[in-house]
Amino acid sequence: MVVGGAPALVSQLVGHTNSVNKIILVPNDSALISVSDDRTLRVWVKRSSGDYWPSICQTLEWCVSSLAMDNFHLFVGLESGSINHYKITEDLNRITLLRIYSSHQMRVSDLVYDSERDWLLSVGKDKTFHWYTGETGRRLGSYVAGAWCMCLAFDRISNFAFIGDYSGGIHMIKLEEGEEFKFVTTLKGHAGSIRSLIWDEEKQILLSCSADKSIFIWEIGEGKGNAIQLNCHRERVNDLAYCAPSRLLFSFGVDKKMIAWNLRTERKPFALWQESNECQECRQPFFWNVQRIWQEKNVNFKRQHHCRRCGRAVCGECSPSQSILPFYGFEYPVRVCKPCYQEIPEDELRSSTQTHSILIEPTCVDFDYSKKLIAVGASDNVIRLYDVAACL
């Protein structure tokens with residue numbers, strides 16, 4: 001099943017003078033909040049003319065790197081490592097500083113606020129994850145990763161926190177009531193830094209994107225443990241937006257593409273690559289198998305490749321063809337061996353994605369299902385709003 005029509009550009013918000021790091025579309029209101037390396041926090045409200053103009057433009061002492069909002073409580077992460085807690089009025093015309101958290105030693109990468117428990121969760125460039133009680137501002141606990149912590153997702157039902165780091169690992173820890181936590185595992189699959197994480201509470205899946213150009217669907221719930229890889233971007237994937245009711249995932253890459261993925265489509269986890277000293281199709285030795293080459297007195301320089309469908313180690317002569325493999329998550333042509341190329345059924349070749357050019361490199365995104373809007377911050381410091389109703 002291919003997803004629907006194209007997104008429509010409806011508005012452009014000009015004002016920031018440096019990189020836009022985070023955008024939040026305000027629920028139940030025609031407004032959005034943005035933060036930037038130009039040290040400003042801006043609240044944009046839609047006027048009667050249809051244009052968005054700032055109702056608040058707050059200049060801070062440091063570059064503003066991250067943002068979280070819930071129930072008119074606003075948490076702003078700074079380059080210095082501090083987090084400012086503001087209360088914003090319901091008319092979105094005034095903010096009041098309530099507390100400053102001296103949280104990290106370096107840039108605050110991402111924030112999550114859970115209003116039910118009154119917990120604030122944060123990750124930073126100093127390789128740490130902290131969580132606090134909003135009632136008193138007291139730190140409840142900390143976790144130290146092995147690399148820069150870049151992004152964060154939280155399961156509010158079971159208290160699982162997912163921390164994406166610069167090395168490509170996703171740390172999964174369970175927060176206990178009080179000050180205890182339990183390390184569960186590290187999800188490994190990405191070969192580059194994790195850029196964004198989204199948790200789907202209903203389907204119990206974690207979505208991740210990375211600098212390695214790939215997207216992963218981690219099936220955490222029901223003990224499945226599957227990892228399904230999605231490949232379509234040709235450059236780093238910077239951010240994700242997810243429509244849970246439609247099970248539609250939007251990915252945004254440095255290749256200036258917005259790709260819509262239909263997650264209702266059945267996909268199979270990618271085949272694990274097998275290792276062998278000889279081609280598993282023609283049985284000829286690879287070039288490093290010196291003993292075999294010497295015994296047979298047959299000098300060759302066969303290189304090892306892998307079929308993306310079956311995972312076997314094959315030589316170039318036994319894998320001369322390429323094909324898209326949407327059923328395995330490959331939306332562009334990849335290497336397949338001769339037997340697989342000849343037997344690929346038609347239903348495995350049916351794509352369930354749609355690619356749209358946005359003509360500018362995206363830096364961050366946010367999605368509001370009720371308005372059918374996606375807000376995209378871009379490398380030219382302009383925020384663009386897209387109506388994606390035709391895609392859903």
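Here is what the cut-offs are and how they apply
- Residues numbered from 1 in each chain as written.
- Predicted model: local features only at pLDDT ≥ 70, side-chain atom pairs only at ≥ 80, totals over all residues.
- Heavy atoms only, no water.
- Buried < 20%, exposed > 50% of the residue type's maximum accessible area, 1.4 Å probe, protein only.
- Helix = DSSP H or I, 4+ residues; strand = E, 2+ residues; numbered from the N terminus.
- Pairing = 2+ DSSP bridges.
- Axes fitted to C-alpha atoms, helices over the stretch in contact; angles between N-to-C directions.
- Core = buried A, V, L, I, M, F, W, Y, C linked by side-chain atoms within 4.5 Å.
- Contact = heavy atoms within 4.5 Å.
- Patch = residues over 30% accessible without salt bridge, like charges linked within 9 Å, V, L, I, M, F, W, Y side chains within 5 Å.
- Areas by Shrake-Rupley, 256 points an atom, 1.4 Å probe, with all protein chains shown as cover.
- Salt bridge = Lys/Arg side-chain N within 4 Å of Asp/Glu carboxyl O.

**Student:** Go over the pairing of strand E14 (residues 149-155), please, and point to the residues and values.
**Tutor:** Across the seven residues that make up E14, a large majority, seven, are buried. Taken together, the six bridges between E14 and strand E15 (residues 160-165) define a ladder with antiparallel strand orientation. For Cys-151, the partnering residue across the bridge sits in E15 and is Gly-164. What sits between E14 and E15 in their antiparallel hairpin is a turn of four residues, with Asn-159 showing a positive phi close to 65 degrees.

**Student:** Which residues make up the sheet that holds strand E6 (residues 64-70), and what values do they have?
**Tutor:** In space, the four strands of this open sheet follow the order E6-E7-E8-E9, with antiparallel pairing throughout. Sheet topology places E6 and strand E9 (95-102) at the edges, where each strand pairs with a single neighbour. The sheet shows a mean angle of 20 degrees between the axes of neighbouring strands, taken without regard to direction.

**Student:** I'd like a description of the sheet that holds strand E11 (residues 119-124), backed by residues and values.
**Tutor:** Pairing is antiparallel across the open sheet formed by four strands, whose spatial order is E10-E11-E12-E13. The open sheet has two edge strands, strand E10 (108-114) and strand E13 (139-144), and neither has a second partner. Each strand axis lies, on average, 15 degrees off the axis of its neighbour in the sheet, ignoring direction. Bridge count for strand E12 (residues 128-133) against E13 is five bridges, and the pairing is antiparallel. Counterpart to Tyr-132 in the pairing with E13 is Arg-139.

**Student:** So what about unusual backbone geometry? Which residues, and what values?
**Tutor:** Unusually for a residue other than glycine, Gln-204 sits at a positive phi of about 55 degrees. As for its position among the elements, Gln-204 is in the loop between strand E18 (194-200) and strand E19 (205-210). The partly exposed category is assigned to Gln-204, whose relative accessible area is 27%. A positive phi angle, near 80 degrees, is found at Lys-213, a position not held by glycine. The topology assignment puts Lys-213 in the loop between E19 and strand E20 (214-219).

**Student:** Tell me about the nonpolar core, and name the residues and values.
**Tutor:** Grouped together as the largest cluster of nonpolar side chains are 20 residues, with contacts concentrated most on Ile-33, Leu-41, Leu-67, Leu-74, Val-76 and Ile-88. For Leu-41, the contacting residues outside a window of four places in its chain are Ile-33, Ser-34, Val-35, Ile-56, Cys-57, Gln-58, Leu-60, Leu-67, Leu-74, Val-76 and Ile-95.

**Student:** Give me the lowdown on a nonpolar patch on the surface, citing residues and values where you can.
**Tutor:** Taken together, the side chains of Phe-287, Trp-288, Val-299 and Phe-301 present a nonpolar region at the surface, about 490 Å² in accessible area. Within the secondary structure layout, Trp-288 lies in the loop between strand E24 (257-262) and helix H1 (290-296). We classify Trp-288 as partly exposed; its relative accessible area is 36%.

**Student:** Give a description of the pattern of salt bridges that names residues and reports values.
**Tutor:** For the coordinates displayed, the defined rule picks out 13 salt bridges. As a salt-bridge pair, Asp-37 and Arg-107 come within 3.7 Å of each other at their nearest N and O atoms. With Asp-37 in the loop between strand E3 (31-36) and strand E4 (40-46) and Arg-107 in the loop between E9 and E10, this residue pair connects regions lying 70 residues apart in the sequence. Overall, Arg-107 belongs to the buried group, its relative accessible area being 17%. In this structure, Asp-114 engages Arg-156 in a salt bridge whose closest nitrogen and oxygen atoms are separated by 3.7 Å. Here Asp-114, found in strand E10, pairs with Arg-156, found in the loop between E14 and E15; they are 42 residues apart in sequence, far enough to count as distant. What makes Asp-114 buried here is its relative accessible area of 1%. Each of the salt bridges in this network shares a partner with another, and the network as a whole consists of Asp-37, Glu-79 and Arg-107.

On their own, these measurements won't tell you what the molecule is for.
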